[in-house]
Amino acid sequence: MPNPKRRHSQQRGAKRRTHYKATAETWSIDPVTGESHLRHRAHWVEGKLYYRGRVVVDKNPAAATEDETNQ
């Protein structure tokens, strides 16, 4: 792997790093639950995992099977 022949100054490194900036995370509100969450991430609400307004995982599978049989 190539290495520099001479040492770079601290100023050169600082100039290169000026473009790396910390950005604030973007939050959204779920249309179904009304909970705020990070964008493009699934979030838990009352034992259910929601993504884009849909239930992806239900922690209580017994309740899910009861709902299906009642329909």
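None of these values were measured; they are calculated from a predicted model.

A. Region of interest: the layout of surface pockets. Here the largest pocket is characterised by a volume of approximately 160 Å³. Together, Ser 28, Asp 30, Pro 31, His 37, Arg 39, His 40, Arg 41, Tyr 51, Arg 52 and Gly 53 line the largest pocket. For the lining of the largest pocket, the class distribution of residues is two nonpolar, four polar and four charged.

B. Structural view of the packing of aromatic side chains. Counted according to the given criterion, the structure contains zero aromatic pairs. The side chain of Lys 59 reaches across the aromatic face of Trp 44, ending 5.4 Å from its centre.

C. Focus on unusual backbone geometry. Phi is positive for His 40, which is not a glycine, with a value near 60 degrees. With respect to the helices and strands, His 40 occurs in the loop between strand E2 (36-38) and strand E3 (43-45). Even without a glycine there, the phi angle at Arg 52 is positive, about 55 degrees. Mapped onto the secondary structure, Arg 52 falls in the loop between strand E4 (48-51) and strand E5 (54-58).

D. Geometry of the sheet that holds E3. Read across the sheet, three strands follow the order E3-E4-E5 without closing on themselves; strand pairing throughout is antiparallel. Of all strands in the sheet, those bounded by a partner on one side alone are E3 and E5. Neighbour-to-neighbour, the strand axes of this sheet turn through a mean angle of 40 degrees, independent of strand direction. Note that E3 and E4 share three bridges and pair antiparallel. By the bridge assignment, Trp 44 is partnered in E4 with Leu 49.

Calculation rules
Residues numbered from 1 in each chain as written. Predicted model: local features only at pLDDT ≥ 70, side-chain atom pairs only at ≥ 80, totals over all residues. Heavy atoms only, no water. 1 Å grid on protein atoms, 1.4 Å probe; cavity = no way out; pocket = protein on both sides within 12 Å on 5 of 7 lines; lining within 4 Å. Points joined across faces, edges and corners; volume = space filled by probe spheres on them. Nonpolar A, V, L, I, M, F, W, Y, C, P; charged D, E, K, R; others polar. Phe/Tyr/Trp six-rings, centres within 6.5 Å; stacked < 30°, edge-to-face > 60°. Lys NZ or Arg CZ within 6 Å of the ring centre and 35° of its normal. Helix = DSSP H or I, 4+ residues; strand = E, 2+ residues; numbered from the N terminus. Pairing = 2+ DSSP bridges. Axes fitted to C-alpha atoms, helices over the stretch in contact; angles between N-to-C directions.

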